[in-house]
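Residue strings, one per chain:
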Amino acid sequence: MKIVVAYKWAPNPQDASVGADGVVDWSRAKSGISEYDPVAIELARRLADATGGEVIGLTAGPKSVDASMARKAALSRGFDRAVIVADDALEGAGTTELAAVLAAAVRHIGEVNLVITGDSSVDVGARMVPVVLAGQLGWPAVGEVTAVSVQAGLLRVERDIAGGTQVLEISGPAVLAASTNAAVPRIPGMRDILAAGKKPVETLEVTALDVPAGGTTVSVTHTSRPDLKARKQQMIDTADPAAAAAELVDALRSAGVL
Amino acid sequence: MSTWIVVAGDPAIGNLVETARALGGQVTAAVVGPRAVADTIAAGGVDRVVWLGDPGQAPVEAYASAVADAVGAAGGAVLGASRPGDRVLLGAVAARLQAAVLTEASSVSAEGDGLVVTRTICGGIAEETVMVAGPVALVLDGGPVPAASGAAPVEEVTASPLGITVVETNASSFEQVDLSAAARVVGIGRGLKAQGDLAMIEALAEASKAELGCSRPVAEGLNWLGKDRYIGVSGQHIAPDLYFAVGISGQLQHMVGVRGAKTIVAINSDPNALVFKEADYGLVGDLYQIVPALTEALK
């Protein structure tokens, strides 16, 4: 079984700063394997080990996604090999463009049975790349996946739904987005990091792939900081918890919220 | 301009209908789900419904390609609610049209042949306004079920589903809750040391007539509460009159979910916790002392 994990090398918005003009400054935010992607890698690794398959890491982005540190961070987490589409033309690429490039890379890899992704990327968090990727491939997409196995030639997928869980059977290839708590990812040790340097990596530019042209232009006309409510930031002394509680209840009552 | 709305079995699309109507032109809904859902939407203010049939044993996701076929090459905007099934249908349409995907939009308007969209980006740290020319897929808050206001024709099309079936559905052991409707919410975070201590937090919620919510790890890592109680960037976004953030550090991923609250009270042992910057009232101290005292004071 050939399993691709589409992962992202991205910074955390928690470490970015936003200017008064709403422009996001990422210069102090270090990139890493996107927060939830290790869960997807772990699910894929366990499935491959159970079925005698192969796990291929796939990412697309500007050249920085192919830096030595980025490669090792990815390959030390359980991939057998990686395909990296590293092209500065992808700087600031939107969801659809990124998904189209990933889909083209999946076709380039060939005979892929399953694509697994994380729940959402840490920097954009739209949860749309997996579903657009599935659309590009014409495969079914399933999110919130908590477990996956192969039984009688079918993919058996468990997922969370509103108010419960569901078991699905899928007959062909599919794109699955792992729930954030689907598995506890292994932490790479020194041996994994050393081995990562020896794993095969295929680096591609976008032009090497058959990517359909996008027909939409999106131009930013204005940026701003979110209009946050002004908060009172009134601190209540808690030396005496009972007195603090009484003071808070009084304050909430006079503010009309109790 | 012609606007499409994709619907994955849940007729709560009032906000989408309103947005589509404001763009002008014809509004068509592509509906996967029981006939009753198609009828509710046909009565809810659209011009036309394309019904792809009752999925039966297939999940709505099985109809993603069929929905993309139905929408076809119809330019303009395609709208979908921010729910898992709806996102899958919208993703397939976006792929077919090579349409730009924009999420978290707070306002959408037509300008010339294009659209002007204002939205939150990067997990809520900034907002941008963009001009869009060409096909676009918009993910919006679904809003309520639209009120009956007309009777659009329902056109049934035969759709062939992708090879995916539901073999088992199990109800969650957690009681379901709709936090978005709660006037008061007590949110609990990693400051709570043990699952058994939830009783103390539930007592506070009861005394303050609040629903219980939590940060992500409490629902998704520790599994102490149901997922529908998780408040944050990928969970519930709430706007109650009063929010108690108890043992919550105030990471961005959580706070974007509660910024609509009228009043925020923060209780945390760390005086430098980020949560105090976004609170109206801050209490620095041990929640195990403050929460029972507060519960008592509220009685």
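Residue positions are given per chain, counting from 1 as you read along its sequence in written order. By the order in which they are written, chains take letters starting at A while ligands take numbers starting at 1. Confidence filtering applies because this is a predicted model: local features only for residues at pLDDT of at least 70, side-chain atom pairs given and counted only at 80 or more, and all residues used for totals across whole chains, interfaces and linings.

Secondary structure elements follow DSSP: runs of H or I of four or more residues count as helices, runs of E of two or more count as strands, with numbering from the N terminus. Each helix and strand counted, chain A has six helices and 15 strands in total. Along the longest, intermediate and shortest principal axes, the C-alpha atoms of chain A span 65 × 45 × 40 Å. Buried residues in chain A amount to 45% of all 258 residues. We call two residues in contact when their backbone-placed C-beta atoms lie within 7 Å. Contacts spanning at least 24 positions in sequence make up 72% of the contacts within chain A whose residues lie at least 6 apart. Residue burial here comes from a neighbour count, namely the number of other C-beta atoms, placed from the backbone, that lie within 10 Å of the residue's own C-beta, with 20 or more meaning buried, 12 or fewer meaning exposed, and in between meaning partly exposed.

On to the interface of chain A and chain B, then. Between chain A and chain B, the contact holds 78 residues from the first and 80 residues from the second. Among the secondary structure elements, those contributing two or more residues to the side of chain A that touches chain B are α3 (95–109), α4 (129–137), β9 (141–151), β11 (164–170), β14 (217–224), β15 (234–236) and α6 (241–254) of chain A. Looking at the side of chain A that touches chain B element by element, the count peaks at nine residues for α6(A). By definition, two strands form a pair when at least two bridges between them are found by DSSP. For β11(A) and strand β11 (residues 164–171) of chain B, the ladder comprises seven bridges, and the chain directions are antiparallel. Across the sheet, the residue bridging to A:Val167 is B:Glu168, located in β11(B).

Reading across from one edge, β15(A)-β16(B)-β15(B)-β14(B)-β12(B)-β13(B) is the order of the six strands in this open sheet, with parallel pairing throughout. Only two strands of the sheet have a single neighbouring strand rather than two, namely β15 of chain A together with β13 (211–214) of chain B. For this sheet, the mean inter-axis angle between neighbouring strands, taken without regard to orientation, is 20°. Here β15(A) pairs with strand β16 (residues 281–284) of chain B via three bridges, running parallel. Note that in β16(B) the partner of A:Met235 across the bridge is B:Gly282. Where helix α8 (residues 287–298) of chain B meets the sheet, its contacts fall on β14 (242–246), β15 (263–268) and β16 of chain B, and the angle it forms with β15(B) comes to roughly 135°. Fitted lines through C-alpha atoms serve as axes, helices being fitted only where they are in contact, and the angles separating the N-to-C directions of these axes extend from 0 to 180 degrees.

Moving on: the nonpolar core. The term nonpolar core refers to a set of buried Ala, Val, Leu, Ile, Met, Phe, Trp, Tyr and Cys residues connected through C-beta atoms within 7 Å. Within the largest apolar cluster, 135 residues are counted, with the highest numbers of intra-cluster contacts made by B:Ile5, B:Val67 and B:Val93. With nine residues, α3(A) is the single largest residue contributor to this core. Excluding residues within four positions of it along the chain, B:Ile5 makes contact with B:Ile13, B:Leu16, B:Val17, B:Ala20, B:Val27, B:Ala29, B:Val46 and B:Leu79. Among the nonpolar cores identified, the runner-up in size contains 48 residues, and B:Ala182, B:Val233, B:Ile248 and B:Ile267 belong to it.

In terms of domain boundaries, chain A breaks down into domain 1 (2–208) and domain 2 (228–258). Domain 1 of chain A and domain 2 of chain A are separated by 45 Å when their C-alpha centres are compared. Bear in mind that the domain bounds are from an automatic or database domain assignment.

Time to look at unusual backbone geometry. Residue and element names in this part refer to chain B. The backbone phi angle of Gln-98 is positive, close to 50°, even though this residue is not glycine. Mapped onto the fold, Gln-98 is located in the loop between α4 (84–97) and β5 (100–102). On the basis of neighbour count, Gln-98 is assigned to the buried category, with 20 C-beta atoms found within 10 Å. The residue Asn-223 is not glycine, and still its phi comes out positive at about 65°. The topology assignment puts Asn-223 in the loop between α6 (216–221) and β14. For Asn-223, a count of 13 C-beta atoms within 10 Å puts it in the partly exposed group.

Each domain of chain B was delimited in the assignment, giving domain 1 (3–156) and domain 2 (179–298). The straight-line distance from the C-alpha centre of domain 1 of chain B to that of domain 2 of chain B is 33 Å.

Residues and elements named next belong to chain B. Taken together, the buried positions of helix α1 (residues 14–23) are occupied by Leu-16, Val-17, Thr-19 and Ala-20. Taken end-on, α1 shows its buried residues confined to a sector of 165°, consistent with a single buried face. Close packing links the buried residues of α1 with β1 (3–8), β2 (27–32), β4 (77–81), β6 (105–111) and β9 (136–140). Downstream of α1 by a residue or two, Gly-24 has a phi angle that is positive, lying close to 80°. Summarising the geometry, the arc corresponds to the directions from the helix axis toward the C-beta atoms.

The next thing to look at is the sheet that holds strand β12 (residues 174–178) of chain A. Across the sheet, ten strands lie side by side as β13(A)-β7(A)-β6(A)-β1(A)-β8(A)-β12(A)-β9(A)-β10(A)-β11(A)-β11(B); this open sheet has mixed pairing. What marks the edges here is a single partner per strand, and that holds for β13 (201–204) of chain A together with β11 of chain B. For this sheet, the mean angle separating the axes of adjacent strands, direction not counted, is 30°. Pairing geometry for strand β1 (residues 2–6) of chain A and strand β8 (residues 114–117) of chain A, over four bridges, is parallel. Opposite A:Val4, over in β8(A), you have A:Val115 as the bridge partner. Packed on one face of the sheet, α3(A) meets β1, β6 (54–61), β7 (81–86) and β8 of chain A and runs near 145° to β6(A).

Below, the discussion takes up the pairing of β8(A). Residue and element names in this part refer to chain A. Residues Leu-114 and Ile-116 line one face of β8 and the alternating positions Val-115 and Thr-117 line the opposite face, and both faces are buried. Where β8 and β12 come together, four bridges link them in parallel fashion. Note on β12: the bridge partner recorded for Ile-116 is Leu-176.

In the contact formed by α4(A) and α4(B), the axes pass within 7 Å of each other and the chain directions differ by 50°. Classified by the angle their axes make, α4(A) and α4(B) are oblique. α4(B) is crossed by α4(A), and the crossing has right-handed handedness. Within the contact between the two elements, α4(A) uses A:Val131, A:Val132, A:Ala134, A:Gly135 and A:Gln136 and α4(B) uses B:Arg87, B:Val88, B:Gly91, B:Ala92, B:Ala94, B:Ala95 and B:Arg96. In this scheme, roughly parallel covers angles under 35 degrees and roughly antiparallel covers those over 145, while 65 to 115 is roughly perpendicular and the rest are oblique. Handedness of a crossing is defined here by the sense of rotation of the near helix relative to the far one, left-handed for an anticlockwise turn of less than a right angle and right-handed for a clockwise turn.

The next thing to look at is helix α5 (residues 198–207) of chain B. All names here are of chain B. Residues Ile-201, Leu-204 and Ala-205 constitute the buried set of α5. Seen end-on, α5 carries its buried residues on one side only, within an arc spanning 100°. Where the residues of α5 are buried, they touch β12 (184–188), β13, β14 and α8. Positive backbone phi, at 50°, marks Lys-209, one or two positions downstream of α5.

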